[in-house]
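Spelled out from the first residue to the last, the chains are:
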2 protein chains.
Amino acid sequence: MDYEDAIAALADPTRRVIIDRLRSGALPVGAIAQGMTISRPAVSQHLRVLSDAGLLTVTPAGNRRLYAIAPEGVAGLRAYLDSLWDDAFAAFARAAEEKAKENNDE
Amino acid sequence: MDYEDAIAALADPTRRVIIDRLRSGALPVGAIAQGMTISRPAVSQHLRVLSDAGLLTVTPAGNRRLYAIAPEGVAGLRAYLDSLWDDAFAAFARAAEEKAKENNDE
DNA sequence: ACGAATCGTAAGCAATGGCTTACGGTAAGT
DNA sequence: ACTTACCGTAAGCCATTGCTTACGATTCGT
């Protein structure tokens, strides 16, 4: 859907670190910020960007808020890249064939 | 080469427009810049970023320089996203099962 | 050999983005 | 009820980035 926001969100290295920490499952903000060099509010801001991009889901659990990776958001990006790869490979193969024919002509 | 540079390069909307123009095959700089709102040097700068990220190949052809999408660069990004999707989906399924068991207990 | 075309690069400027500190708001513990 | 813990938001600062104009280098056409 909005793969554009998703790719912009994942372009930031810090946000990829956050995503990596959520690979094994949902975590509250404090646990995510734990051991990171930036402040907790900074992490919150990054989480906001990732959620807005559709890459994370938020589930309030009492005192805390659990963030988890949204598979659908990742799927959107995959669809874009798959389409891009199909076209890129087709164009590449076509160019290679073109070149082979050229070499044959001489 | 690095998927990190590749995703950062594709995060820019203007650079995605450039990539889209190369989907059907290689083009010289002038043809790419044709019809775009930004100046030709600006396009050159974007092409530089995309090449450095391993997303484009450059082949000098006499007076001009032909830019084409590098399938390998796109493949690197796909690998990262595939890995991310695998983990995200596994965590999602695990969480769903966890929740189902909870509902059973009461 | 000379002029035109194609393209990359440098310098400078305006805009965007990420970080920190400070603060407010809600839920849990006692 | 009061304190503590957890978290989001606002304001401000600094670095990065994307754009333009100006210039230099290389190649094609005549």
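The sections below set out a description of the structure shown in this document. Remember, predicted model here, so these are calculated numbers, not experimental data.

### Comments concerning the interface of chain A and chain B
Many structure descriptions define interface size as the accessible area lost when the parts assemble.
Line of reasoning, step 1. Each side of the interface is counted separately: chain A has 29 residues, and chain B has 29 residues.
Line of reasoning, step 2. Considering only the surface of chain A that becomes buried against chain B, Arg23(A), Arg78(A) and Trp85(A) emerge as the three largest contributors, covering 23% of it.
Line of reasoning, step 3. The interface formed by chain A and chain B includes four salt bridges.
Line of reasoning, step 4. Note that Asp87(A) is salt-bridged to Arg23(B), the shortest N-O span being 2.9 Å.
Line of reasoning, step 5. Counting the contacts that link chain A with chain B gives ten residue pairs in polar contact (both at pLDDT 80 or more).
Line of reasoning, step 6. If you list the elements that add at least two residues to the side of chain A that touches chain B, you get α1 (3–10), α2 (13–21) and α5 (71–105) of chain A.
Line of reasoning, step 7. Examining the composition of the side of chain A that touches chain B, we find that 17 residues originate from one element, α5(A), more than from any other.
Line of reasoning, step 8. Its residues assigned to classes, the side of chain A that touches chain B comprises 19 nonpolar, three polar and seven charged.

### Side note on the relation of the copies chain A and chain B
Line of reasoning, step 1. Taken as rigid bodies, chain A and chain B are interconverted by a rotation of 180 degrees and an axial shift of 0.0 Å, the fit giving an RMSD of 0.1 Å. With respect to symmetry, the two chain copies, as superposed, fit the operation of a two-fold axis. No C-alpha of chain A lies nearer the rotation axis than that of Ala11(A), which sits 3.1 Å from it.
Line of reasoning, step 2. Of the residues that chain A buries at the interface, 100% are likewise interface residues in chain B, meaning the two copies contact each other through the same surface.

### Notes on the nonpolar core
Line of reasoning, step 1. Counting residues in hydrophobic clusters, the biggest one holds 51 residues, and the most contacted among them are Leu10(A) and Leu10(B).
Line of reasoning, step 2. Not counting chain neighbours up to four residues away, the residues in contact with Leu10(B) comprise Ile7(A), Tyr80(A), Leu81(A), Leu84(A), Arg16(B), Ile19(B), Leu55(B) and Leu77(B).

### Some remarks on the protein's contact with DNA strand D
Line of reasoning, step 1. Around DNA strand D, the surrounding shell holds 24 residues, and the nearest of these are Gly30(A), Ser44(A), Tyr67(A), Ser39(B) and His46(B).
Line of reasoning, step 2. A share of 66% is what sugar and phosphate atoms reach among the atoms of DNA strand D within 4 Å of the protein.
Line of reasoning, step 3. Taking Ser44(A), its side chain carries an N or O atom lying 2.3 Å from a phosphate oxygen of DNA strand D.
Line of reasoning, step 4. In the model, a phosphate oxygen of DNA strand D is placed 3.4 Å from a nitrogen or oxygen of the Arg15(B) side chain.
Line of reasoning, step 5. At five residues, helix α4 (residues 40–52) of chain A tops the list of elements feeding residues into the surface near DNA strand D.

### What about the sheet that holds strand β2 (residues 56–61) of chain B?
All names here are of chain B.
Line of reasoning, step 1. Spatially, three strands are ordered β1-β3-β2 in an open sheet, and the strand pairing comes out antiparallel. For this open sheet the edge positions go to β1 (27–28) and β2, each flanked by a neighbour on one side alone.
Line of reasoning, step 2. Pairing of β1 with strand β3 (residues 64–69), which is carried by two bridges, proceeds in the antiparallel orientation. Across the sheet, residue Leu27 finds its bridge partner in β3, namely Tyr67.
Line of reasoning, step 3. Packed onto the sheet, helix α4 (residues 40–52) meets β2 and β3 and runs at close to 120 degrees relative to β2.

### Points about helix α1 (residues 3–10) of chain B
Line of reasoning, step 1. For α1(B), the full list of buried residues reads Ala6(B), Ile7(B), Ala9(B) and Leu10(B). Buried residues of α1(B), seen end-on, are gathered within an arc of 160 degrees and therefore sit on one face of the element.

### Some points on the side chain of Arg23(A)
Line of reasoning, step 1. Mapped onto the elements of the fold, Arg23(A) is located in the loop between α2 and β1 (27–28).
Line of reasoning, step 2. Overall, Arg23(A) belongs to the buried group, its relative accessible area being 16%.
Line of reasoning, step 3. Polar side-chain contacts of Arg23(A) include one of 2.7 Å to the side chain of Ser83(B).
Line of reasoning, step 4. Apart from the residues lying within four places of it in its own chain, the contact partners of Arg23(A) are Ile69(A), Tyr80(B), Ser83(B), Leu84(B), Asp87(B) and Ala91(B).

### Overview of the sheet that holds β1(A)
Residue and element names in this part refer to chain A.
Line of reasoning, step 1. Reading across the sheet, the three strands line up as β1-β3-β2 and stay open at both edges, with antiparallel pairing between neighbours. Each edge of the sheet is formed by a strand with only one pairing partner; in this case those strands are β1 and β2 (56–61).
Line of reasoning, step 2. When β2 meets strand β3 (residues 64–69), the two strands line up antiparallel, connected through six bridges. Paired with Ala61 across the strands is Arg64, a residue of β3.
Line of reasoning, step 3. Against the sheet, α4 touches β2 and β3, its axis set at about 120 degrees to β2.

Here is what the cut-offs are and how they apply
- Residues numbered from 1 in each chain as written.
- Chains lettered and ligands numbered in written order.
- Predicted model: local features only at pLDDT ≥ 70, side-chain atom pairs only at ≥ 80, totals over all residues.
- Heavy atoms only, no water.
- Contact = heavy atoms within 4.5 Å.
- Buried area = accessible area lost by both parts, 1.4 Å probe.
- Salt bridge = Lys/Arg side-chain N within 4 Å of Asp/Glu carboxyl O.
- Polar contact = N/O pair within 3.5 Å; in protein donor to acceptor, adjacent residues only side chain to side chain.
- Helix = DSSP H or I, 4+ residues; strand = E, 2+ residues; numbered from the N terminus.
- Nonpolar A, V, L, I, M, F, W, Y, C, P; charged D, E, K, R; others polar.
- Least-squares fit on C-alpha atoms with pLDDT ≥ 70 in both.
- Core = buried A, V, L, I, M, F, W, Y, C linked by side-chain atoms within 4.5 Å.
- Buried < 20%, exposed > 50% of the residue type's maximum accessible area, 1.4 Å probe, protein only.
- Near = heavy atom within 4 Å.
- Pairing = 2+ DSSP bridges.
- Axes fitted to C-alpha atoms, helices over the stretch in contact; angles between N-to-C directions.
- Arc of directions from axis to C-beta.

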